[in-house]
Amino acid sequence: MSDTNKLSGTEHIKMKSDGLRGTLKESLKDQLTGALREDDQALVKFHGMYQQDDRDRREERSAKKLEWLYSYMVRLRIPGGFITSEQWEALHHIAGRHSTGVIKITTRQTIQLHGILKSHVKPTLQGFNTAGLDSISACGDVNRNVICGAHPEFSPIHEEIFAYAGKLSKLGLPRTRAYYEIWLDEKPLTPQVKAEQEKDPLYQDRYLPRKFKIAIAIPPNNDVDVFANDLGLIAIVENNKLKGFNLVVGGGQGATHGNPNTYPRLGDVLGFLDSEEKVLKAVYEVITIQRDYGNRSDRKLSRIKYTIERMGVENFKKELEKRCGFELLPEQPYKFDSRSDLFGWHKNHEGKWYYTAFVEAGRVLDDENVAFKTAFLEIAKTRKANFRFTCNQNLILSDIEEKDKKEIDAILRKYNIIDHTDKAGAVRKDSIACVAYNTCPLALAEAQRYLPTLITKMEPLLSKYGLEDDNISVRMTGCPNGCGRPYVAEIGFIGTGYGRYNLHLGGDRIGARLNKIYKENVDEEAILQELDSLFNVYSKEKNKKETFGDFAKRVKWVD
Ligand code: SRM
Ligand code: SF4
């Protein structure tokens, strides 16, 4: 079991938090500061929020001897990334009223709003609650938003597989009513009732040692990057029947510069689960193993990837089987061939239509070229489409009847979304960038504000070598935490300092191989020079159908 002698500070905060309540109510009332009390800053994450400040304005604020401009980022819990048109309409208005207005689609298939002032947090969550949405457990040391292959066209039984995202999200919800009390003004429970109702067999009083992430992949598409998650399920479908899931455990992306004990890791396939009952039991028990064996003294080493390394994969599996009371069946064959979104119009087996719009870095806003926000609101108001988010940060307008397609198409055209999506280059469309500046406190370099510009500079190089239709996966993060899953990209840029990145090469196109550092701490000029010569060689020497990542590996640009 984990070492309880040297618990990290966060462990103590959780234990004494009275079911994640802490002093959040008092912190919220304090009008002298835009910030929360220190311990509450850790606790508020479990409620789906982060305290942040505008990093672009730190110097100016400090020069004026003002407190930093604190605000909150709210992240929704949307299992499988599906909301209705009514919910999109509500989200649109809440974003406009309380946040910067930009609706950010995240790499985990949900939505974040930024720049919410302290006094606006409660109205924001109340608005979401009215719309049937919440942010419970979207952050914090618990099971986070459960992601699932996004495209209903992937499989005729997509709905059946997608339903697992909701079930697993429910299974991982903490029992505490703190969220309802603090943000939605629910009457506090009496101590006796509270003790009974909030007894939490899964999370107990310390929750998990660290965040926990679950993904459900639907082969042949691995848009969820199943091997990058703490726990993955790979759906095994035969003759349009769901046979069960391969269970993957121990993936994760985050690392820390200069700390060799931290590293990205791909999950291991432990075996096959052939019934819903077994899936739910196995997921539950994987979480309990992590709860009991995860490192609670060093948060840098507390993810399940380190737990499984420490225990050994076979021992982990034995412990899991013991806790489950059944053995895992042998892994079933599966094959991934892509991670890309299916852009444009597609029809599913029932004749319903889906339109996937390319939303660069997941930022839904109106600009001079394309008016996403206006268009999506207009579409939502028709009530003729649902909204689905992809783990590539794009948006699918879904479940559209044949008779309504024309109307939706006309709105998409009116606001230039079809043209924008059709004309975006292959690399751009498959790229991912994390938030980074100006809100992420951990960013060392830009990501979502810079990758689009860098790609504009890469595009002439790709064209020069006839690679403009080659959808090489390019991902950028502002620091090594890996929020854009850059370690499973063919080209990964990982921020090291302002304007500088480690250049990683050699990942594959399906998220089943980690890349490696090719050049350290390079600036834009060096990046473009390197890419120019790498694209040149690749275009001339690659085998037919060989991808950039596979080529980089074969010619040993990285080990
Ligand atoms: Fe992340 C922390 C944004 C997906 C690994 N991540 C953060 C914070 C909250 C910074 C912080 O701790 O104060 C970032 C907020 C930035 C902002 O201003 O919004 C942040 N992470 C994001 C998002 C929004 C990136 C995006 O542009 O889409 C993604 C939100 C996902 C969601 O909806 O839940 C996001 N983060 C990821 C992923 C990708 C994934 O899960 O598929 C990873 C890598 C996978 C993994 O967890 O290993 C990831 N985020 C991290 C880490 C490193 C964790 C680790 O094990 O070392 C941190 C830092 C931490 O937890 O200490 C972090
Ligand atoms: Fe922030 Fe780093 Fe995550 Fe980017 S990768 S959002 S910079 S924590």
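Parameters and conventions
Every chain is numbered on its own, with residues counted from 1 as its sequence reads. Starting at A for chains and at 1 for ligands, labels are handed out in the order in which the entities are written. A pLDDT threshold of at least 70 governs which residues receive local features in this predicted model, and a stricter bar of 80 or more applies before side-chain atom pairs are shown or counted, although totals over entire chains, interfaces and linings include all residues. No hydrogens and no water enter the side-chain calculation; it runs on all heavy atoms of the structure. Any N, O or S atom lying within 2.8 Å of the metal counts as a donor, with the limit raised to 3.2 Å for Na, K and Ca; because water is left out of the atom set, some sites can appear incomplete. Put simply, DSSP marks the helices as runs of H or I at least four residues long and the strands as runs of E at least two long, and each gets a number from the N terminus on. Between 30 and 60 degrees the pair is tilted, below 30 it is stacked and above 60 it is edge-to-face, where a pair is any two Phe, Tyr or Trp rings, Trp via its six-membered ring, whose centres lie within 6.5 Å. Note on classification: 1.4 Å probe, protein chains only; a residue is buried when its accessible area is under 20% of the maximum for its type, exposed when over 50%, partly exposed between these limits. By convention in this text, a residue qualifies as near a molecule or strand provided that one of its non-hydrogen atoms is within 4 Å of it. Under the scheme applied, nonpolar residues are Ala, Val, Leu, Ile, Met, Phe, Trp, Tyr, Cys and Pro; charged residues are Asp, Glu, Lys and Arg; polar residues are all the others, including Gly. Polar contacts, as counted here, are pairs of nitrogen or oxygen atoms within 3.5 Å of one another; within protein the pair requires one atom able to donate a hydrogen and one able to accept it, and residues that are adjacent in sequence qualify only if both atoms are side-chain atoms. Any two residues whose heavy atoms approach within 4.5 Å at even a single point are treated as in contact. Axis lines are fitted through C-alpha atoms, for helices just across the contact stretch, and the angle between N-to-C directions can take any value from 0 to 180 degrees. Any angle that falls under 35 degrees is termed roughly parallel, while one over 145 is termed roughly antiparallel, one within 65 to 115 roughly perpendicular, and all others oblique. Note: crossing handedness is left-handed where the near helix turns anticlockwise from the far helix by less than a right angle, and right-handed where it turns clockwise.

### So, the coordination of the iron atom of ligand 1
Four donors placed tetrahedrally around a metal ideally meet at 109.5 degrees, and six donors placed octahedrally ideally meet at 90 or 180 degrees.
Stage number 1. There is one protein donor for the iron atom of ligand 1, namely Cys483 (SG), at 2.3 Å.
Stage number 2. Of note, Cys483 is situated in the loop between strand S17 (474-477) and strand S18 (491-497).

### Considering the packing of aromatic side chains
Stage number 1. Tallied over the full model, the rule gives 24 aromatic pairs.
Stage number 2. Here the aromatic rings of Tyr179 and Tyr180 are separated by 5.8 Å at their centres, their planes lie at 75 degrees, and the arrangement is edge-to-face.
Stage number 3. Take Tyr179: its relative accessible area is 4%, and that puts it in the buried class.
Stage number 4. The interplanar angle of 35 degrees and the centroid separation of 5.7 Å between the aromatic rings of Phe372 and Phe376 together place this pair among those described as tilted.

### Considerations on the site of ligand 2
Stage number 1. Lining the immediate surroundings of ligand 2 are Cys434, Val435, Ala436, Cys440, Leu442, Ala443, Thr477, Gly478, Cys479, Asn481, Gly482 and Cys483.
Stage number 2. The class makeup of the residues in the shell around ligand 2 is eight nonpolar, four polar and no charged.

### Things to note about the site of ligand 1
Stage number 1. In the neighbourhood of ligand 1, 30 residues make up the surrounding shell, with Thr106, Gln253, Thr439, Cys483 and Arg485 lying closest.
Stage number 2. Gln253 places a main-chain nitrogen or oxygen 2.7 Å from an oxygen atom of ligand 1.
Stage number 3. The backbone of Val435 places a nitrogen or oxygen atom 3.2 Å from an oxygen atom of ligand 1.
Stage number 4. Put simply, the parts of the chain that give the shell around ligand 1 at least two residues each are strand S1 (49-53), strand S2 (70-75) and strand S5 (111-116).
Stage number 5. Here the residues of the shell around ligand 1 sort into nine nonpolar, 13 polar and eight charged.

### Notes on the side chain of Glu446
Stage number 1. Inspection of the secondary structure assignment puts Glu446 in the loop between strand S16 (432-433) and helix H17 (451-464).
Stage number 2. Among the polar contacts listed, one links the side chain of Glu446 to the side chain of Tyr498, at a separation of 2.4 Å.
Stage number 3. Those residues in contact with Glu446 that lie beyond four places of it in its chain are Ala436, Tyr437, Met476, Gly478, Tyr498 and Tyr501.

### Notes on the packing of helix H7 (residues 158-171) against helix H10 (residues 276-293)
Stage number 1. At their nearest, the axes of H7 and H10 sit 11 Å apart, and the two run at 40 degrees to each other. It follows from the interaxial angle that H7 and H10 lie oblique. Seen along the crossing, H7 lies across H10 with a hand that is right-handed. Within the contact between the two elements, H7 uses Tyr164, Lys167, Leu168 and Leu171 and H10 uses Glu276, Val279, Leu280, Val283, Tyr284 and Ile287.

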